[in-house]
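Each chain is listed here by its residues.
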Amino acid sequence: MQLCPLCSSQSADVFHQDKRRVYFRCKACALIFADPEALLSPEDEKAVYDQHENNPDDQGYRGFLNRLAQPLVERLGVSPCSGLDFGSGPGPTLSVMLAEMGYNMAIYDPYFADVSAVLDRQYDFVTCTEAIEHFYTPAKEWRLLTDMVKPGGWLGIMTKLATDADAFVQWHYKNDPTHVSFFSRETFRYLAKRDGLKVEFVGNDVILLRKTQ
């Protein structure tokens with residue numbers, strides 16, 4: 001048994017093993033996570049991120065992020081609203097898009113925009129696109145994300161969702177060495193019920209959660 005890094009249940013069994021590492025799945029919250037012994041050092045992790053070429057001028061990338069931005073904006077209504085993009089990466093783009101729509105945006109990234117002051121306040125919405133799968137300590141980061149959302153506010157997440165064991169074997173998403181925490185619909189439903197959130201799934205990889213209290 002392995003301790004779950006998200007819900008702290010001691011009910012995680014081996015789920016899959018390949019040449020790279022072992023993966024565990026929690027029986028309580030259904031999080032699939034990589035063996036902690038296989039996690040990269042901060043230096044090696046950043047070296048992978050440095051290869052990313054995200055750019056706000058890239059219309060294809062904007063279209064990708066719009067899969068979250070559009071349904072989120074529909075629910076936010078008329079600005080002014082304040083938002084934080086958590087895990088903004090080396091080329092912040094979603095924050096630029098939302099700022100262009102009239103929202104007051106802040107960004108945070110542990111490697112590229114490590115200004116901890118922005119984490120000490122609450123926002124009308126927080127976004128986290130293609131970042132939650134990188135969380136080494138997802139319990140800590142999840143609590144941080146939800147604490148930064150005002151009552152009635154929104155948490156918008158984009159990540160590929162894990163499904164069943166057969167699909168996981170062939171899933172390219174797990175092969176990125178920086179991808180270590182794999183969420184499923186079951187995981188988000190667990191978190192929503194536990195933390196007083198209302199969850200919506202938009203398409204295959206966008207999750208919108210509203211803080212109801």
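Residues numbered from 1 in each chain as written. Predicted model: local features only at pLDDT ≥ 70, side-chain atom pairs only at ≥ 80, totals over all residues. Heavy atoms only, no water.

## A closer look at the environment of Ile32
1) Next: Residue position: Ile32 is located in strand β3 (residues 32–34).
2) Next: Residue Ile32 is classed as buried on the basis of its relative accessible area, which comes to 2%.
3) Next: Ile32 sits 18 residues away from Asp50 along the chain, and the two C-alpha atoms are 26 Å apart.
4) Next: Those residues within four positions of Ile32 in sequence are excluded, and the remaining contacts are Phe15, Tyr23, Phe24, Arg25, Ala162, Phe168, Val180, Ser181 and Phe182. (Helix = DSSP H or I, 4+ residues; strand = E, 2+ residues; numbered from the N terminus. Buried < 20%, exposed > 50% of the residue type's maximum accessible area, 1.4 Å probe, protein only. Contact = heavy atoms within 4.5 Å.)

## What about the packing of aromatic side chains?
1) Next: Throughout the structure, instances matching the rule amount to 16 aromatic pairs.
2) Next: For the ring pair Trp142 and Phe188, a centre distance of 6.2 Å and an interplane angle of 55 degrees mean the geometry is tilted. In this pair, Trp142 is assigned in helix α4 (residues 138–147) and Phe188 in helix α6 (residues 185–195), connecting sequence segments 46 residues apart.
3) Next: For Trp142, a relative accessible area of 2% corresponds to the buried category.
4) Next: A ring pair is formed by Phe183 and Phe188, whose centres lie 5.2 Å apart and whose planes are at 25 degrees; its orientation type is stacked.
5) Next: Aromatic ring contacts, followed pair by pair, group Phe15, Tyr23, Phe168, Trp171, Tyr173 and Phe182 into a single cluster. (Phe/Tyr/Trp six-rings, centres within 6.5 Å; stacked < 30°, edge-to-face > 60°.)

The quantities given are spatial measurements derived from coordinates; they are silent on function.
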